[in-house]
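Chain and residue survey
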Amino acid sequence: MQNDPLTFGQLLERHERELFAYALRISGQRADAEDLYQDTFLAAFRAWPPPRRGNERAWLYRIATNRAIDRERRAKRVVANVEDLVLAAPERDDVTLADLAGAIETLPAGQRAAFVLRKVQGLPYVEIAVALECTEQAARARVSEALKKVKAAVA
Amino acid sequence: MDVAVGEARERLLARAKKEGLTTIGYDVLGSPLGPLWVAIGPKGVTTIHYGSEPSESELRRLVRVYGPGVVPDPKRSSALARELDQYFNGRRHEFDVEVDLSGLTPFQTKVLVATAKIPFGSVSTYGQIARRAGNEKASRAAGGALNHNPIPIVVPCHRVVGSNGALVGYAGGLDTKRRLLAIEGAEVGRRH
């Protein structure tokens, strides 16, 4: 495990690509994703220092997720980025990525974040729990609930 | 994707700067001696480190003095990059960039200030530097201070050699010290 980041630069260099990808996947639009990425890291800089012992990645995901949910409440609109969902696509010919994106779009923001954190970003449940500010068990339940709804929607 | 992150980062850092959250800008420069991690603070150059990443102890010093706002900022080091290029090409004998030795001990600062006065192409011994730093018996301590010089090349600790003219030691490696002295045409450490 790497040492705790000492500077903003270290935090950025270690995590910005991953967080930018996450921002794209949950906000869907490049401009919104860029705003989310900027707001997330600015909030992290203002709240410095990050939690100790290598937990800063989940901490960043939590900041990003909370901001994305807040934004959505205000804007009432989030479109999942279709191209980026390829990793989450089920191997079935009759389900298009657009169908999948549509299904994910209908999820409540918290469940959508849970789905993307697990199925697209591939985070372990222990980090998803930190990002969503819930127990690991609740994180599993949210992902499974989201998965069930996505499956039902594309069935 | 990379371009998108790069553009987003630039705007993020502009916002952070506007809020007064950043203090030091760093970059990795290419050089004939390999990559150099360089950092510029509000008062001048704080760091030139051999390699593409700074040492943990150097980062800790920067954070102790200037806080955690140490961020990538290539524009800030452009003057230093230009002067280093000229130096390596033999077209510059003195550096004009300001240096910032904040956070060092008083003795280390004196040693580095004395070292900064050694002219291009000349050498001094550890004993001479210790004397100029105010303690002629402290040549070993002067060696230690020079070994932790945070701004090598610009503060020319490569111009300090053993009392018999031997190169002795250099944080960037003896080969590097030899190459720097060769750029300057200084004749030391030759065994005939």
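Residues numbered from 1 in each chain as written. Chains lettered and ligands numbered in written order. Predicted model: local features only at pLDDT ≥ 70, side-chain atom pairs only at ≥ 80, totals over all residues.

1. Here we look at the overall build of chain A
Within chain A, the secondary structure is distributed over 7 helices and 0 strands. For chain A, the α and β elements follow one another from N to C terminus as α-α-α-α-α-α-α. Put simply, of all contacts in chain A between residues at least 6 apart along the chain, 65% involve residues at least 24 apart. (Helix = DSSP H or I, 4+ residues; strand = E, 2+ residues; numbered from the N terminus. Contact = placed C-beta atoms within 7 Å.)

2. A look at the overall build of chain B
If you tally the helices and strands in chain B, you get 7 helices and 6 strands. Along chain B, from the amino end to the carboxyl end, the secondary structure elements read α-β-β-β-α-β-α-α-β-α-α-β-α. Against the globule reference of 16 Å for 192 residues, chain B gives a C-alpha radius of gyration of 18 Å, in line with a compact fold. With respect to the principal axes defined by its C-alpha atoms, chain B has extents near 60 × 35 × 25 Å. Considering chain B as a whole, with its 192 residues, one finds that 36% of them fall into the buried category. A separation threshold of at least 6 residues defines the contact pool for chain B, and within that pool the share at least 24 residues apart is 56%. (Rg over C-alpha atoms; globule rule 2.2 N^0.38 Å. Buried ≥ 20, exposed ≤ 12 C-beta atoms within 10 Å, placed from the backbone.)

3. Considerations on the interface of chain B and chain A
Every contact between the two is made by 19 residues of chain B and, on the other side, 16 residues of chain A. Broken down by element, the residue count for the side of chain B that touches chain A peaks at 8 residues, all from helix α1 (residues 2–18) of chain B. Considering only residue class, the side of chain B that touches chain A consists of 13 nonpolar, 2 polar and 4 charged. (Nonpolar A, V, L, I, M, F, W, Y, C, P; charged D, E, K, R; others polar.)

4. Let's talk about the packing of helix α2 (residues 30–46) of chain A against α1 of chain B
Look at α2 of chain A against α1 of chain B: their axes get within 10 Å of each other, and the N-to-C directions meet at 45 degrees. Here α2 of chain A lies oblique to α1 of chain B, going by the angle between them. The interaxial crossing formed by α2 of chain A with α1 of chain B has right-handed handedness. On α1 of chain B, the residues that touch R30, E34, Y37, Q38, F41, L42 and F45 of chain A of α2 of chain A are A4, A8, R11, L12, R15 and A16 of chain B. (Axes fitted to C-alpha atoms, helices over the stretch in contact; angles between N-to-C directions. Parallel < 35°, antiparallel > 145°, perpendicular 65-115°, else oblique. Left-handed = near helix turned anticlockwise from the far one by under 90°.)

5. Some words on the pairing of strand β3 (residues 44–50) of chain B
Residue and element names in this part refer to chain B. Among the 7 residues of β3, 5 are classified as buried, and the element is accordingly described as predominantly covered. As paired elements, strand β2 (residues 36–41) and β3 share 5 bridges and run antiparallel to each other. Counterpart to V38 in the pairing with β3 is I48. The hairpin formed by β2 and β3 contains 2 residues between the paired strands. (Pairing = 2+ DSSP bridges.)

6. What about helix α7 (residues 136–154) of chain A?
An α-helical turn contains 3.6 residues, so a residue and the one three or four places further along point in the same direction. All names here are of chain A. Here α7 contains 19 residues, and its C-alpha end-to-end distance of 27 Å stays within 8% of the 27 Å for a straight helix at 1.5 Å per residue. Of all the residues in α7, the buried ones are A139, R142, V143, A146 and V150. Along α7, the residues classed as buried sweep out an arc of 95 degrees about the axis, all on the same side. Those residues of α7 that are exposed and angled more than 90 degrees off the buried face are Q137, K148, K151 and A152. (Expected span 1.5 Å × (residues − 1). Arc of directions from axis to C-beta.)

7. What to know about the sheet that holds strand β1 (residues 24–29) of chain B
As summarised here, the arrangement of the 4 strands in space is β3-β2-β1-β4 (chain B), forming an open sheet in which the pairing is mixed. Edge strands, defined here as strands with exactly one partner in the open sheet, are β3 and β4 (70–72) of chain B. Here the strands of the sheet are splayed against their neighbours by 25 degrees on average, with no regard to which way each runs. In this fold helix α1 (residues 8–27) of chain A packs onto β1 and β4 of chain B, with an angle of close to 40 degrees to the strand it touches most, β4 of chain B.

8. Some points on the nonpolar core
Of all hydrophobic cores here, the largest spans 85 residues; its most connected members are A23, Y37, A64 and A114 of chain A together with A142 of chain B. Here this core spans two domains, and each of domain 1 (2–88) and domain 2 (106–183) of chain B adds at least three residues to it. Among all residues touching A64 of chain A, those that are not within four sequence positions of it are L19, Y22, A23, L36 and T40 of chain A. (Core = buried A, V, L, I, M, F, W, Y, C linked by C-beta atoms within 7 Å. Domains from an automatic or database assignment.)

9. Here we look at the domain arrangement of chain B
Residue and element names in this part refer to chain B. Once the domains are mapped, chain B shows domain 1 (2–88) and domain 2 (106–183). A C-alpha centroid distance of 25 Å is found between domain 1 and domain 2. Contacts between the two partners involve 9 residues from domain 1 and, on the opposite side, 9 residues from domain 2. For the side of domain 1 that touches domain 2, the secondary-structure elements that each account for two or more residues are β3 and α3 (78–88).

10. Quick notes on the packing of helix α6 (residues 125–132) of chain A against α7 of chain A
Residues and elements named next belong to chain A. The contact between α6 and α7 brings their axes to 8 Å, and the two run at 90 degrees. Looking at the two axes, α6 sits roughly perpendicular to α7. On the side of α6, the interface is formed by Y125, V126, I128, A129 and L132, while α7 contributes E136, A139, R140 and R142. Counted by class, the contact of α6 with α7 contains 6 nonpolar, no polar and 3 charged residues.

11. Considering the environment of I69 of chain A
Residues and elements named next belong to chain A. If you trace the backbone, I69 turns up in helix α3 (residues 56–75). Look at I69 and you get partly exposed, because 18 C-beta atoms sit within 10 Å. Each C-alpha atom, one on I69 and one on A43, is 15 Å from the other, the two residues being 26 residues apart in sequence. When near neighbours in sequence (up to four residues on either side) are disregarded, I69 contacts A109, G110 and A113.

12. Describing the pairing of β2 of chain B
All names here are of chain B. Counting buried positions over the 6 residues of β2 gives 5, a clear majority of the element. The pairing of β1 with β2 spans 5 bridges and is classified as antiparallel. Residue pairing for β2: L29 is matched across the bridge by L36. What sits between the antiparallel neighbours β1 and β2 is a turn of 6 residues, in which G34 has the positive phi angle 95 degrees.

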